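Examination of the molecular architecture
The residues making up each chain are set out below.
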Amino acid sequence: MAKKALTILLLLLVGVSLVFAGGQQEKEMKEEAGGSGTVYDASKVQWDPNHERIVAKDYRVPAGAKEAIEAEGSTEIVVYNWGDLSWDPATLLNGSMFTRLTDVQVQFVGTPDEQMTPKLQPLFMAKSGAVDIVPLDETNYANYVSRGWLEEVDFLWDDETMSEYHSGLQATVLDGHYYSVPQVGRIIDVLYYRPSMLKAAGYDGPPETWEELVEMAQALTIDKNNDGQVDQWGFAFKGGGVLDGAQLIKAKSLLLGVNPDDVDGKVKFNTPETIRVVQLLMDLRNKYKVVPPGVTAYQHGDIADFFLSGNVAMVIDPTYLYARCMESELADDFDVAVQPLAFKGGPTTQIQHWNGWGLSKYSENKTAALIYMDIYRSYQGQVNEFAIENNEVFLKKAYEDPKSKLVGYNDVLAQIDDTVVDVYQGQGEVYKAVIAELQKALLESKTAEEAMNDAQKRIDKILGY
Amino acid sequence: MQVSRTTKILRVLVLVFYLVFSLFPIYWMFITSLKTDKEVYIENPTYYPHNPTFENYRSIYEGRPYAAYTLNSILITFGTTGACIVFGTIAAYGFSRFRFFGNKTLRYSLLISRVFPPISLIVPFFMIIGWLRLYDTKMANIIVNTYMWLPFFIWITIGFFDTVPKELEESAQIDGASRFQTFFRISMPLALPGIAAASIITFLETWKEFLYNLVLSPTSNAKNLSVGASDFIADMFISWEQMGAGAIIASIPAFIFVIFFQKYIVQGLTAGSVKG
Amino acid sequence: MANQSDKFIKDSLFGFLLVLPALLLLFLLVVFPVIYVLYLSTLSFDTTPAHFVGLKHYAELLTNDSFFWIFFGHSMQYVVFAIGSAFFVALLVALSLNTINKFQGTLRTFALWCWAVPPVIASLMWKWMLNDTNGALNDILLKLGVIHQQVAWLALPHWTMIILSQVHAWTAIPFIMVILLAGLQAIPVELYEVASIDGANGLQKFRTITYPLLRTSVLTSVMLSSIFAFRHIDIVFTLTKGGPGEATELLVTYLYDNAFNYMKIGYSAALSIIMVFISMVIVFLLVKLIRPQEQY
């Protein structure tokens, strides 16, 4: 009897489920395979002159835009975002500003980094109109452009407009064309340290050169209770991840005056300077033993967790960690500084990590989406990003806004004025090879020179040198 | 049956070791979800929360449609399991009892769909679902999950129908029972442990399904708990305490299901019933 | 005997009809994707639009890509270590659970719980537990005195693969155990009693009674979990991303990188077809090895 009842119950549930599930069908009509991928007709909207509009303290929608949006029948745009939006109040604010100005809703889809391309690729391959705006960074930008998935937006840019942004933005021009607008330009290497720990070891301030860093890290790596196990580490770095390990090498090479992503126009990770950087990292782990052995697997989240746990005296991490520290137990016992230079008076070039927005070729709401992008790269949008979320931005004028001046580490940023942004096709594959070889060097199965030469062999094959 | 003392002790040891190994991560998830972020990041991990708080549960619900995710998961999972039981039991019976051309080949070809790495299939599946106009629906997920688990369901159930002795069925038919009655009263009950095992597996695996739901269900219309729980990973870090809360919420209905349905694996075949 | 062959045809037809709905459903959903992937595998996406290259990707993968073979080896290690230990533990647990009379329901519930956790989440939890400086595992082992230094479980060149395979085993044991338990239920108790009377001990009983009758369940559970382990990506992806130094890079993570990071869509399609073939070979070998008999 019980079995019969169970069978009937299950069949009922199947029936009910199917009924419920089927009821969602009508909603899907508008979201299936859409845009034909034809080139957008930009003349409907009066974009020119861009410059005035983007530096204005109050953004005004360009003439013709409202009509074009109506003609396209747009009521909502779908915007994919790196990570969940509860951590992106500025993005939400810019979105609601957009809605206020255009009467078009924004549906944000927050997606963790690793899920982004698996979610977007099927949409693009199927030429679906289900996404309007995609978030871009070095890992996917060049690839999307080369596959022809992004709409060309030359009409949004001109020389005068470009001059308002940090020069690094020039790197986002591919083959002479524009395909994006900047969202943020996070400085990725800032030194975080614990004043109390430094004081206890006899230091008044943070290290300013690599030599000082090594010396201080050694003094700061302590076995407090003499049980043969280190309780406090002096330093830590990111030897893993998808970008982190490679960008670490690049960042330090820059401080020696060499940009591995651009050595006479080529990607070259086995210059003497870069090999010296790898050697330094190896020594930190294996010779001086001032970093935990597990650094080979660390990526951005891990370094942050490590610092927040209070087990390490100094780390180098992007500026986003500042806000997290302020909300943690360390709020009164941490400080930031410019990362140590290779030597006193040495080069001060930093990497700027670029995030941008791009427009899908298959979108059916292109004008509306373009307005969103335009708002984001203009004065108000960029100020919001910096003042609210503390993300550095490319628009130079944004730093002069009164709200921006209140950001806690503004003085550190003021000391950084020489940055690079590099975006090229195959970058993801190159970085993966570099990270793999770095890890082998850290594990001492190869010397620094062997590792970077092997990395370069792989890079040559990837980029077809 | 006489069982030596050492065997008894060994049995207990095996179970204890296994239970500790399998349950500790869940326990860890649970206590992490009750900690404040300050406590999560302190120097030495704590094994019970010093200031337990339900704040994380509250904060992940804020602005996130967890109720919708839960309902989606339930509907998708029941729909899939139901479809598999209906289609699968019948098909397994057919494969097991009847000889027809291509029986063996077809059985093995069932496995082909299991064998493809899901990553390479998401693009064509996306297209199919698009043509069927089922993007972002629960039905899409039911279809895809049935595709994934029906072959498995059939495969296992065939094995159990195979163990039902033909003589039983034949004697029932001689006694005047129709094919349906034979099936429902004799064959199915005897194969029930297998059907139950297959159903539980289908249920739980569909519950946990991640990749297809990720690609086919971007909004709360059909997003399930498994994908929804990874919602609040920020782009630069993971909030571990919230992760713990999300993990517990994503797992609790499945835990409850296990509590109620695990006994069906062993119900049914006991000594003596085979003799009829 | 016209009656008998009539009945035979009628029976065959009936059987085929029973099978038809399921087959139809699966056929419709299998044909298009497989053809599509095969089609993609003949294209190269280095240009826009993609151009036809025939079987070039396959040739390249098998002859010119040293990574393919290395990662193939890693995948095999992962599968063997994971399913090997998972099967061993699952069998022991199933045998123990089968005979214990008290608290059966509760024990079974607890034994199955770890399986209810979605894999991505489980992987993240393990990552946090295996963390070298803040993780629970190091803390416990240190307190117990088993180790004296914090161990970077996810950064050991040779041992990390074993660690990852054991995390996978954690997710696979319940699956195997459920199938084995159900199979154990089908073995009549009298067989054991007769054997006891004949003087057989535990091990002999297992070898002569349990294992032969359990063969189908063993084959099913091992085969399915091996295929699944071969293409499982969550654990490796979340915990090590293939590191350190590509020591834990699997074919499936290589597939992922090619498809989504390098966007070599055609190349990855070819790789997935090759992986399908490898899986089928695994199935074939397992069937040969375990050789389930027709029962009764």
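Residues numbered from 1 in each chain as written. Chains lettered and ligands numbered in written order. Predicted model: local features only at pLDDT ≥ 70, side-chain atom pairs only at ≥ 80, totals over all residues. Heavy atoms only, no water.

What follows covers the overall build of chain B. Assigned secondary structure in chain B consists of 13 helices and zero strands. Counting from the amino terminus, helix and strand elements in chain B follow one another as α-α-α-α-α-α-α-α-α-α-α-α-α. In chain B, once contacts between residues fewer than 6 apart in sequence are set aside, the share between residues at least 24 apart is 72%. Within the structure as shown, chain B displays about 10300 Å² of accessible surface, and the carbon and sulfur contribution to it stands at 66%. Charged side chains in chain B number 21 positive and 16 negative. The centres of these two groups are separated by 11 Å. (Helix = DSSP H or I, 4+ residues; strand = E, 2+ residues; numbered from the N terminus. Contact = heavy atoms within 4.5 Å. Areas by Shrake-Rupley, 256 points an atom, 1.4 Å probe, with all protein chains shown as cover. Lys, Arg positive; Asp, Glu negative; His and termini not counted. Charge placed at Lys NZ, Arg CZ, Asp CG, Glu CD.)

What follows concerns the overall build of chain C. If you tally the helices and strands in chain C, you get 12 helices and two strands. Projecting the C-alpha coordinates of chain C onto the three principal axes gives extents of approximately 70 × 70 × 30 Å. Each of the 296 residues in chain C was classed as buried or not, and the buried ones make up 60%. Sequence-distant contacts, at least 24 apart, represent 67% of the contacts inside chain C between residues at least 6 apart. Surface exposure of chain C reaches about 12400 Å², of which carbon and sulfur atoms provide 71%. Within chain C, one finds 15 positive and 15 negative side-chain charges whose respective centroids are separated by 6 Å. (Buried < 20%, exposed > 50% of the residue type's maximum accessible area, 1.4 Å probe, protein only.)

Right, let's get into the pattern of salt bridges. Residue and element names in this part refer to chain A. For the structure on display, the rule yields 26 salt bridges over all chains. As a salt-bridge pair, glutamate 164 and lysine 397 come within 3.1 Å of each other at their nearest N and O atoms. Remark: lysine 397 occurs in the loop between α15 (379-389) and α16 (402-405) and glutamate 164 occurs in the loop between α7 (159-163) and β4 (173-174); sequence separation between them is 233 residues. Between aspartate 305 and arginine 324 there is a salt bridge; the shortest N-O distance is 3.9 Å. Of the two residues, aspartate 305 is situated in helix α12 (residues 300-308) and arginine 324 in helix α13 (residues 320-326); the sequence distance between them amounts to 19 residues. (Salt bridge = Lys/Arg side-chain N within 4 Å of Asp/Glu carboxyl O.)

So, on to the interface of chain C and chain B. Between chain C and chain B, the contact holds 92 residues from the first and 93 residues from the second. At the surface where chain C touches chain B, the tally comes to zero salt bridges. Counting across the chain C and chain B interface gives eight residue pairs in polar contact (both at pLDDT 80 or more). Considering every element that reaches the side of chain C that touches chain B, the biggest residue donor is helix α1 (residues 2-40) of chain C, with 20 residues. Split by residue class, the side of chain C that touches chain B holds 68 nonpolar, 17 polar and seven charged. (Polar contact = N/O pair within 3.5 Å; in protein donor to acceptor, adjacent residues only side chain to side chain. Nonpolar A, V, L, I, M, F, W, Y, C, P; charged D, E, K, R; others polar.)

In most cases, non-glycine residues show a negative phi, while peptide bonds are predominantly trans. All names here are of chain A. The amide bond that connects aspartate 48 to the next residue, proline 49, takes the cis arrangement and shows omega of 0°. Structurally, proline 49 can be placed in the loop between α1 (2-22) and α2 (50-55). With phi around 55°, aspartate 175 is a residue other than glycine that occupies positive phi space. Look at aspartate 175 and you get exposed, because its relative accessible area is 77%.

Let us now look at the packing of aromatic side chains. Counted under the stated rule, the structure contains 51 aromatic pairs over all chains. Plain terms: the ring middles of Phe24(B) and Trp28(B) are 5.9 Å apart, the flat faces sit at 25° to each other, and that makes the pair stacked. In this pair, Phe24(B) and Trp28(B) both sit in helix α1 (residues 5-33), four residues apart, roughly one turn of the helix. Classification of Trp28(B) by relative accessible area gives buried; the value is 2%. The structure contains a cluster of three or more aromatic residues connected by ring pairs, namely Phe98(A), Phe108(A), Trp357(A), Tyr372(A) and Tyr376(A). Looking at Lys57(A), its charged tip hangs above the ring of Tyr379(A), at a distance of 4.9 Å from the centre. A cation over an aromatic ring shows up here: Lys266(A) above the ring of Tyr465(A), its NZ or CZ 4.5 Å from the ring centre. (Phe/Tyr/Trp six-rings, centres within 6.5 Å; stacked < 30°, edge-to-face > 60°. Lys NZ or Arg CZ within 6 Å of the ring centre and 35° of its normal.)

Turning to the side chain of Asn259(A), a few remarks are in order. Mapped onto the secondary structure, Asn259(A) falls in the loop between α10 (244-254) and α11 (272-287). In contact with Asn259(A), not counting residues within four places along its chain, are Lys250(A), Leu254(A), Val420(A) and Asp422(A).

Here strand β1 (residues 76-82) of chain A lies mainly inside the structure; six of its seven residues are buried. Viewed along the sheet, the connection from β1(A) through helix α4 (residues 89-102) of chain A into strand β2 (residues 105-111) of chain A turns out right-handed. (Right-handed = clockwise from strand over helix to strand, strands pointing away.)

All names here are of chain A. Taken N-terminus to C-terminus, the directions of helix α14 (residues 366-377) and α15 make an angle of 60°; their axes are 4 Å apart at the nearest point. Taken together, the axes of α14 and α15 lie oblique to each other. Two secondary-structure elements touch here, α14 through Ile375, Tyr376 and Arg377 and α15 through Tyr379, Gly381, Gln382 and Glu385. Its residues assigned to classes, the contact of α14 with α15 shows three nonpolar, two polar and two charged. (Axes fitted to C-alpha atoms, helices over the stretch in contact; angles between N-to-C directions. Parallel < 35°, antiparallel > 145°, perpendicular 65-115°, else oblique.)

Between α1(B) and helix α7 (residues 160-185) of chain C, whose axes approach to 11 Å, the crossing angle comes to 105°. Compared by their axis directions, α1(B) and α7(C) come out roughly perpendicular. Residue-level inspection shows Tyr18(B), Phe21(B), Ser22(B) and Pro25(B) of α1(B) in contact with α7(C), the latter providing Gln166(C), Trp170(C), Ile173(C) and Pro174(C). Counted by class, the contact of α1(B) with α7(C) contains six nonpolar, two polar and no charged residues.

Further remarks concern the nonpolar core. Ranked by size, the top nonpolar core spans 346 residues in total, and within it Tyr192(A), Met314(A) and Tyr372(A) carry the most contacts. For this core, the two domains that each supply at least three residues are domain 1 (40-179 + 355-417) and domain 2 (189-352 + 423-463) of chain A. (Core = buried A, V, L, I, M, F, W, Y, C linked by side-chain atoms within 4.5 Å. Domains from an automatic or database assignment.)

In an α-helix, one full turn covers 3.6 residues, which means residues spaced three or four apart are oriented alike. Residues and elements named next belong to chain A. Looking only at helix α3 (residues 65-72), the buried set comprises Ala65, Ala68 and Ile69. Buried residues of α3, viewed axially, fall in a sector of 100°; they line one side. Turned more than 90 degrees off the buried face of α3, the exposed positions are Glu67, Glu70 and Ala71. Buried-residue contacts for α3 involve α4 and α14. Backbone geometry just downstream of α3 places glycine 73 in the positive-phi region, at approximately 70°. (Arc of directions from axis to C-beta.)

All names here are of chain A. Pairing in this open sheet of three strands is antiparallel, and the strands run β8-β7-β9 from one edge to the other. The sheet terminates laterally at β8 (314-317) and β9 (335-338), the two strands that pair on one side only. If you compare each strand with its neighbour and ignore which way they point, the axes differ by 30° on average. This element, α12, spans β7 (190-193) and β8 of the sheet and lies at about 150° to β8. (Pairing = 2+ DSSP bridges.)

Residue and element names in this part refer to chain B. Given a rise of 1.5 Å per residue, 22 residues ought to cover 32 Å, and the 31 Å separating the end C-alpha atoms of helix α13 (residues 240-261) matches this to within 8%. Most pronounced at isoleucine 252, the bend in α13 amounts to some 35°, and the proline proline 253 follows within four residues. Counting buried residues along α13, 16 of its 22 residues qualify, which places the element largely inside the surrounding structure. (Expected span 1.5 Å × (residues − 1). Bend = angle between axes of the 7 residues up to and from the residue.)

All names here are of chain B. Looking at the secondary structure, you find isoleucine 195 in helix α10 (residues 179-208). Along the backbone, isoleucine 195 and isoleucine 85 are 110 residues apart, and their C-alpha atoms lie at a distance of 7.7 Å. Contacts of isoleucine 195, omitting those with residues within four sequence positions, involve Thr89, Phe153, Thr157 and Met188.

What follows deals with the environment of Ile238(B). Along the chain, the position of Ile238(B) falls in the loop between α12 (225-228) and α13. Sequence spacing of Ile238(B) and Tyr66(B) is 172 residues, and the spatial spacing of their C-alpha atoms is 19 Å. Not counting chain neighbours up to four residues away, the residues in contact with Ile238(B) comprise Asp305(A), Arg324(A), Tyr41(B), Ile233(B), Met243(B) and Leu124(C).

The predicted coordinates of low-pLDDT regions are not to be read in fine detail. For chain C, mean pLDDT is 85; residues scoring 70 or higher make up 95% of the total. As scored by the predictor, the complex reaches a pTM of 0.87 and an ipTM of 0.83. (pLDDT = per-residue confidence, 0-100.)

Summarising the element assignment, Arg186(A) is placed in strand β6 (residues 181-187). Of note is the side chain of Arg186(A), whose polar atom sits 3.3 Å from the side chain of Asn391(A).

Looking at the secondary structure, you find Glu55(B) in helix α3 (residues 55-61). Between the alpha carbons of Glu55(B) and Asn221(B) there is a distance of 26 Å; along the sequence they are 166 residues apart.

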